[in-house]
Amino acid sequence: MNSKVFTRICALLAIGLMTDFSACGGRGATGGAGPDSKTDEVTIYVSTDRVFSEPILRAYEQKTGVKVNAVYDTEETKSTGLANRLLAEKNNPQADVFWSNEPVRTLVLKSRGALAPYKSPGADGIPPAFKDPEGYWTGFSARIRVIVYNTNLVKGADAPKSIYDLADPKWKGQIAIADPRFGSTSFHVAALYAELGDEKADEFFRKLKANGVKIAPGNSVVRDLVMKGEVKMGLTDTDDVNVALEDKQPVAMALPDRDGMGAPLMPNMVSLVAGAPRAGAGKKLIDYLLSPEVERDLAKSDAVQIPLRGGVEGPKNIPPINSFKPMTLDYGRAAGRVEDVVKRLQPILDL
Amino acid sequence: MKWRGMFRAPARTVALGSAVALFALLCALPIVWMLGVSFVGSDGRVGLGNYARLFVGPRERQLMLNSALLGAGASLLATLIGAPLGLLFARSDFPLKRLLRIGLVAPLVIPPYILGLAWIYIGGPVGLMAQLFGHDLLSEWTYSLGGAVVTLGVGFYPLAMLATEAAARRVDGRLEEAALLVAPRRRVLWRITFPLVAPVVAAAALVVFVLAISEFGVPGLLRVNVFTTEVFIAFSALYDFGAATAMAIPLLATALIAGAAAQYVIGERLLVTRRGAGAGAPLFAGRKTIAVVVVLFVIALCALAPILALAREAGHIRRVAAAASGTAIKNSLWLSAVGATTITILGALLGYGRARARTRLRGLADLVMIVIFAAPSTVVGVGLISLWNRPGWGIYGGQAMVVIAYLARFIPVVALILAASVRQVPISFEEAAELSGAGWLRSFIRIVLPQIKTGIAAAWIVAFILAFGELGATILVAPPGESTLPIRTYTLIANAPSAEVAALAVTQVCVGLAPLALLGLFAGEKTKEAASDA
């Protein structure tokens, strides 16, 4: 490299050094600069999709003037995520609040002592089934595990009504699920094992395997496979389907087992981090996240998440919570089965 | 003289000792820490419980075989594509060389997962090829070990290309010119040129092997079961740091075996030719047109095809513009540049130390570098948190941790590349300088570094690209707020339609290529300068 090149590289680096490096000074939910005082900031780790959660946190900043330092998560199959970060930071916590989009991560963190109890006054109106009796987590704004199908390829009476339809030989090679070892699908399969028992659940997944089920890296990929017609139907989440519906793609969703065990409901969960450096600010943020205002905003957004409290307008395209049969779930028990279920499914689905 | 003599040895000791100490602190210690954690079970007891399942079952053995085949296949393919291109660039003169080099490097800038997506958009059941031919031609092959090998081989060939070109520029063209008097070009290439650059080509092939076996995104996307999946599951599904690290041991063992095999085959063969690089022999004289055609074909197939597939899926430039974030772009460019520069400086010192080591431990040093490089990014990230997240230290929680993550991950690979470059510099140069009264530092800066400047440039580019695309470790240690572009891309991908995903990917590729394009436009041709270095 000649001296001119070296000089030019140094000049570029110097320009970078002199440029206002806003990421050093500003740690807002939007990345912009904010107040410097530690008492006017709070740090939250968010596993709920960034496109939905960031506007909520931005609104909190604008409303309260408190700077929100947010760390967002990737899809569970892209990186090992924030739950591992929280566990690794346990001895010197950096976060104040953890906002998860499904129960498993939260319940693992509770079991490892990474969370602190806080019973928020903001949780009034949320049914007890969605609150931890000890106060380690509170649920709000839920998604449903649904069957997505391609409306060009699956017509009328053939539309699926139960997850057992995925094992119907007429759909051989035309079904997909996300990798059951990760994310909301891991919760769903654990819930099925908790609900059906090991023998029946094993049998169901053996039938899926025999039916040529495709294992996709994530729920959004399942949606894309159905949307493009690579498969005809699959299991995914309501918000994933809604993205395709808003994009006018030929898909529809079916809430499974309305007359049977019901559809699994996955609430968001918010928790105070054990040893949070700004516990007071964290509690206030939790109070806000549990407010009807946030449930309404999440319902109206592309997240199409269903409010758990009555009296809050639900999302379009999704039936309200009192209009379908949710699966009766002990979230702690279901989350506790995840490790065991992952090991059972590996040989069954050849993962 | 006495005064100068007093500091002659300590300067070398201080410089190399500091580099080794930093390497131990930044790169080795997180891995060693995690290895320690792996001997603690989920019940808190110390023991070998996490290792009980390794290697025993047929499933584990199949996963290992898949991983080894994936690594070997990708490495071979990358070398077959990249090495001849590197020789072409070093030994011929054709128009628009700088621009074409940028085009050829482009696949390395595309994150492997995104590259996999692009190939699915082309070869999937409803991809471009299926639409063109009216039926599914390629999906069975796309979603297979072969598809994963091709995706990674095509993604990593620029490493082989850059390394080969840097090595070939060090070979004195007069050897080849003499050989051309009595032998045809093909024979000269095969019997003279290639053996002289083989160690560097082997080092690059080893790097590609390690990158391929530690890759998770592409095998996951293309539904190929490999061992990295086990590591990932232990973290993501089981949240068990000890078990996850234990799961990484077979990967590290595979890398170790590959490194040992490379050492056995290539050994410490003398590479150097004469005192200066000199001008390269015109091995491809009269073949300019063919050279350009070949280069354009590779660019079209390996770089343009996936980028255009992504752009087609993105659909509209507005989506690409909306995906960009000024802060994330600035952070990524700046942190990657700082990281690459620091990595190159430390890598040059470590590479020098390795190349000039006279003990039998030098081979062991190579293997340590390879094993550390092969460590999964999450193991490194969790190890960094465990070591650096201490009350009152003040470093954790800032952007410096992102740079530290880059150093922890990529110093080993750059040190390996530069060790191979330093081995091409005759030690007689330094001995002559010492006889003339030059201290070690002066000799290192004024003689060794200029001799390996092409290797340094290649190493910097490789470090920059790897740092720019790094996700697994940085997502664990990056401070809150808008951090790097890959973190932004992957946090937004989670629930986005494929068009948005493609737009984010195109943005990341364009931003990553821009500084390389600038450097490529600035850098002049090396032949005259190299001759003046002699």
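Residues numbered from 1 in each chain as written. Chains lettered and ligands numbered in written order. Predicted model: local features only at pLDDT ≥ 70, side-chain atom pairs only at ≥ 80, totals over all residues.

## Notes on the overall build of chain B
Right, so step 1: Along chain B, the regular secondary structure elements total 25 helices and zero strands.
Right, so step 2: Considering only contacts in chain B between residues 6 or more positions apart, those separated by 24 or more positions represent 85%. (Helix = DSSP H or I, 4+ residues; strand = E, 2+ residues; numbered from the N terminus. Contact = placed C-beta atoms within 7 Å.)

## Notes on the overall build of chain A
Right, so step 1: Helix and strand counts for chain A come out as 13 helices and 10 strands.
Right, so step 2: Split into buried and exposed, the 351 residues of chain A put 58% on the buried side.
Right, so step 3: Relative to all contacts within chain A whose residues are 6 or more apart in sequence, the contacts with residues 24 or more apart total 75%. (Buried ≥ 20, exposed ≤ 12 C-beta atoms within 10 Å, placed from the backbone.)

## Focus on the nonpolar core
Residue and element names in this part refer to chain B.
Right, so step 1: Judged by nonpolar contacts, the single largest core of 299 residues is most densely connected at Ala 163 and Val 208.
Right, so step 2: Ranked by the residues each element gives to this core, the list is headed by helix 18 (residues 400-422), at 19 residues.
Right, so step 3: In contact with Val 208, other than residues within four places in its own chain, are Ala 74, Ser 75, Ala 78, Phe 156, Leu 159 and Ala 160. (Core = buried A, V, L, I, M, F, W, Y, C linked by C-beta atoms within 7 Å.)

## A closer look at the domain arrangement of chain A
Residues and elements named next belong to chain A.
Right, so step 1: Assigned domains within chain A: domain 1 (23-142 + 266-318) and domain 2 (143-264 + 336-349).
Right, so step 2: On a C-alpha basis, the centres of domain 1 and domain 2 stand 27 Å from each other.
Right, so step 3: On the domain 2 side, the residues contacting the 14 residues of domain 1 number 19 residues.
Right, so step 4: Residues of the side of domain 1 that touches domain 2, tallied by class, amount to seven nonpolar, three polar and four charged. (Domains from an automatic or database assignment. Nonpolar A, V, L, I, M, F, W, Y, C, P; charged D, E, K, R; others polar.)

## Comments concerning the pairing of strand 3 (residues 97-100) of chain A
Residues and elements named next belong to chain A.
Right, so step 1: A two-sided burial pattern is seen for strand 3, the buried positions comprising Val 97 and Trp 99 on one face and Phe 98 and Ser 100 on the other.
Right, so step 2: Examined bridge by bridge, strand 3 and strand 10 (residues 265-273) share four bridges and lie antiparallel to one another. When the bridges of strand 10 are listed, Trp 99 appears paired with Val 270. (Pairing = 2+ DSSP bridges.)

## Some details on the confidence of the model for chain A
Right, so step 1: Across chain A, the average pLDDT comes to 84, with 87% of residues at or above 70.
Right, so step 2: Under a pLDDT of 50 for its full length, residues 16-37 of chain A has, in the predicted model, 44 contacts with residues more than four places off or in other chains. (pLDDT = per-residue confidence, 0-100.)

## So, the pairing of strand 9 (residues 251-254) of chain A
Residue and element names in this part refer to chain A.
Right, so step 1: Burial along strand 9 is two-sided: the residues Val 251 and Met 253 and Ala 252 and Ala 254 are all buried.
Right, so step 2: Direction of pairing for strand 5 (residues 138-150) relative to strand 9: antiparallel, over a ladder of four bridges. Of the residues in strand 9, the one forming a bridge with Val 148 is Met 253.

## Thoughts on the confidence of the model for chain B
Residue and element names in this part refer to chain B.
Right, so step 1: Looking at chain B, pLDDT values average 81 and 86% of them are 70 or higher.
Right, so step 2: Per-residue pLDDT stays below 50 along residues 1-7; that stretch engages in two contacts with residues further than four places along the chain or on separate chains.
Right, so step 3: Counted against residues more than four places away or in other chains, residues 524-534, with its pLDDT under 50, gives 20 contacts.
Right, so step 4: Across the assembled chains, the prediction reports ipTM 0.82 with pTM 0.84.

## Some remarks on unusual backbone geometry
The phi torsion of most residues other than glycine is negative, and most of the peptide bonds are trans.
Right, so step 1: Even without being a glycine, Ser 141 of chain A presents a positive backbone phi close to 40°.
Right, so step 2: Looking at Ser 141 of chain A, the number of C-beta atoms within 10 Å reads 32, which means it is buried.

## A short note on the environment of Pro 180 of chain A
Right, so step 1: Within the fold, Pro 180 of chain A resides in the loop between strand 6 (175-178) and helix 6 (183-196).
Right, so step 2: Sequence-distant contacts of Pro 180 of chain A, defined by excluding residues within four places in its chain, comprise Thr 185, Ser 186, Val 189 and Leu 345 of chain A.

## Comments concerning the environment of Gly 394 of chain B
All names here are of chain B.
Right, so step 1: Relative to the helices and strands, Gly 394 resides in the loop between helix 17 (377-388) and helix 18.
Right, so step 2: C-beta crowding within 10 Å serves as the criterion here: with 9 such atoms nearby, Gly 394 is assigned to the exposed category.
Right, so step 3: For Gly 394 and Val 477, which are 83 residues apart along the polypeptide, the C-alpha to C-alpha distance reads 13 Å.

## A word on the environment of Leu 117 of chain B
Right, so step 1: Among the secondary structure elements, Leu 117 of chain B is positioned in helix 4 (residues 112-123).
Right, so step 2: Setting aside anything within four residues of it in sequence, one finds Leu 117 of chain B in contact with Leu 221, Val 501 and Ala 505 of chain B.

## What to know about helix 11 (residues 292-300) of chain A
All names here are of chain A.
Right, so step 1: All buried positions along helix 11 are accounted for by Val 294, Glu 295, Leu 298 and Ala 299. Down the axis of helix 11, the buried side of the element spans an arc of 135°, and every buried residue falls inside it.
Right, so step 2: On its buried side, helix 11 packs onto helix 3 (50-64), strand 5 and helix 10 (279-289). (Arc of directions from axis to C-beta.)

## Digging into the packing of helix 15 (residues 326-356) of chain B against helix 18 of chain B
Residues and elements named next belong to chain B.
Right, so step 1: The geometry of helix 15 relative to helix 18 is characterised by a closest axis approach of 6 Å and an angle of 40° between their N-to-C directions. As far as their axial angle goes, helix 18 and helix 15 are oblique. The handedness of the crossing between helix 15 and helix 18 is right-handed.
Right, so step 2: Looking at the contact of helix 15 with helix 18 residue by residue, the classes come out as 19 nonpolar, six polar and one charged. (Axes fitted to C-alpha atoms, helices over the stretch in contact; angles between N-to-C directions. Parallel < 35°, antiparallel > 145°, perpendicular 65-115°, else oblique. Left-handed = near helix turned anticlockwise from the far one by under 90°.)

## What about the packing of helix 2 (residues 58-91) of chain B against helix 9 (residues 185-213) of chain B?
All names here are of chain B.
Right, so step 1: Put simply, helix 2 and helix 9 touch, their axes get as near as 8 Å, and they point 140° apart. The orientation of helix 2 with respect to helix 9, classified from their angle, is oblique. In the packing of helix 2 onto helix 9, the handedness of the crossing is right-handed. Across the interface between the two elements, Ser 67, Leu 70, Gly 71, Ala 72, Ala 74, Ser 75, Ala 78, Thr 79, Ala 83 and Leu 87 of helix 2 pack against Leu 189, Thr 193, Val 201, Ala 205, Val 208, Phe 209, Ala 212 and Ile 213 of helix 9.

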